[in-house]
Amino acid sequence: VDNSPNVNTYIKEYFDNDKTKYLPLRENMGIAHALNKGIDFAKEKRARWLLTMDQDSSFSSDEFAEYKAYINQLSKSLNSSAIFTPIHGVEYLSGKGDFEVVETAMTSGNMIDINKIDEIGYFNERLFIDSVDHEYCYRVKNSGYRVYRLNN
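What comes next concerns the included structure.

### Considering the overall build of the protein chain
(1) Moving on: Looking only at helices and strands, the protein chain has 5 helices and 5 strands in total.
(2) Moving on: Ordering the α and β elements of the protein chain from the N terminus gives α-α-β-α-β-β-β-α-α-β.
(3) Moving on: Against the 2.2 N^0.38 benchmark of 15 Å for 152 residues, the protein chain shows a C-alpha radius of gyration of 15 Å, consistent with a compact globule.
(4) Moving on: Across the 152 residues that make up the protein chain, the buried fraction comes to 39%.
(5) Moving on: Residue pairs at least 24 apart in sequence account for 69% of intrachain contacts in the protein chain once pairs closer than 6 positions are excluded.
(6) Moving on: Of the roughly 9500 Å² of accessible surface on the protein chain, 48% is carried by carbon and sulfur atoms.
(7) Moving on: For the protein chain, the centre of its 18 positive side-chain charges and the centre of its 23 negative side-chain charges are spaced 6 Å apart.

Shown next as structure tokens:
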């Protein structure tokens, strides 16, 4: 979901296909609105997970395949999971283990369990950009679920 005023012709040409969909909104209505459009599309397609990214975020193909496989494995044993998040930036995690529960996570790189959206709710569109991610994580926790950071 692209909430910028212009259509990104490069992304549209190369990434709008059978496996991915480019959804340009043609205006910036806030990150929460764009995330909610992505949730609606994922639910419509009966997806299990929604990957949330920012314009300056990226995974290599190998990293993403490993990330996805690990989440599929962990989600079978961690029924309390609603969000899996990667390490962001230069977080130093020596001795922390493969994964841990965290209070909040920034939006970029998260895998959100679509099956839990109806219980937790959508992102709060009254918040334009700041605190959208943290507010959602607090609702995850208040709904009895957890945010897991994958430390590897």
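Moving on from the coordinates now.
### With respect to helix α2 (residues 31-44)
(1) Moving on: Between its first and last C-alpha atoms α2 spans 20 Å; for 14 residues at 1.5 Å apiece the expected length is 20 Å, and the two agree.
(2) Moving on: For α2, every residue scored as buried is listed here: I31, A32, H33, A34, L35, N36, G38, I39 and A42.
(3) Moving on: Buried positions along α2 lie against β1 (49-52), α4 (117-120) and α5 (132-142).

### Side note on the side chain of H33
(1) Moving on: Relative to the helices and strands, H33 resides in helix α2.
(2) Moving on: With sequence-adjacent residues up to four places away left out, H33 is seen in contact with L25 and E125.

### Brief notes about the pattern of salt bridges
(1) Moving on: Here the structure, examined in full by the defined rule, presents 6 salt bridges.
(2) Moving on: A salt bridge links R149 to E100; its shortest N-O distance comes to 2.6 Å. Taken as a pair, R149 in strand β5 (residues 146-150) and E100 in strand β3 (residues 99-102) lie far apart in primary sequence, 49 residues in all. The burial state of R149 is the same as that of E100; both residues are buried.
(3) Moving on: As a salt-bridge pair, E135 and R139 come within 2.7 Å of each other at their nearest N and O atoms. In this pair, E135 and R139 both sit in helix α5, 4 residues apart, roughly one turn of the helix.

### With respect to unusual backbone geometry
(1) Moving on: A positive phi angle, near 65 degrees, is found at R26, a position not held by glycine.
(2) Moving on: Among the structural elements, R26 can be located in the loop between α1 (9-15) and α2.
(3) Moving on: Even without glycine at this site, R46 takes up a positive phi of about 60 degrees.
(4) Moving on: When you line up the elements, R46 lands in the loop between α2 and β1.

### Considering the nonpolar core
(1) Moving on: I83, F123, Y136, V140 and V147 are the most contacted members of the largest nonpolar core, which has 21 residues in total.
(2) Moving on: For this core, the elements supplying multiple residues, two or more each, are α2, β2 (81-85), α4 and α5.
(3) Moving on: Element by element, the count of residues in this core is highest for α2, at 5 residues.
(4) Moving on: Formed by 10 residues, the second largest nonpolar core is a distinct cluster that contains W49, Y67, I71 and L74.

### Observations concerning the sheet that holds β5
(1) Moving on: Sheet architecture is open: 5 strands sit in the order β1-β4-β2-β5-β3, paired in mixed fashion. Two strands bound the open sheet, and with one partner strand each, they are β1 and β3. With direction set aside, neighbouring strand axes in the sheet form an average angle of 25 degrees.
(2) Moving on: Relative to strand β4 (residues 110-113), β1 runs antiparallel, the two being bridged by 4 bridges. Bridge pairing links T52 to N110 in β4.
(3) Moving on: Seen against the sheet, α5 touches β2, β4 and β5 and runs at an angle of roughly 140 degrees to β2.

Parameters and conventions
- Residues numbered from 1 in each chain as written.
- Predicted model: local features only at pLDDT ≥ 70, side-chain atom pairs only at ≥ 80, totals over all residues.
- Heavy atoms only, no water.
- Helix = DSSP H or I, 4+ residues; strand = E, 2+ residues; numbered from the N terminus.
- Rg over C-alpha atoms; globule rule 2.2 N^0.38 Å.
- Buried < 20%, exposed > 50% of the residue type's maximum accessible area, 1.4 Å probe, protein only.
- Contact = heavy atoms within 4.5 Å.
- Areas by Shrake-Rupley, 256 points an atom, 1.4 Å probe, with all protein chains shown as cover.
- Lys, Arg positive; Asp, Glu negative; His and termini not counted.
- Charge placed at Lys NZ, Arg CZ, Asp CG, Glu CD.
- Expected span 1.5 Å × (residues − 1).
- Salt bridge = Lys/Arg side-chain N within 4 Å of Asp/Glu carboxyl O.
- Core = buried A, V, L, I, M, F, W, Y, C linked by side-chain atoms within 4.5 Å.
- Pairing = 2+ DSSP bridges.
- Axes fitted to C-alpha atoms, helices over the stretch in contact; angles between N-to-C directions.

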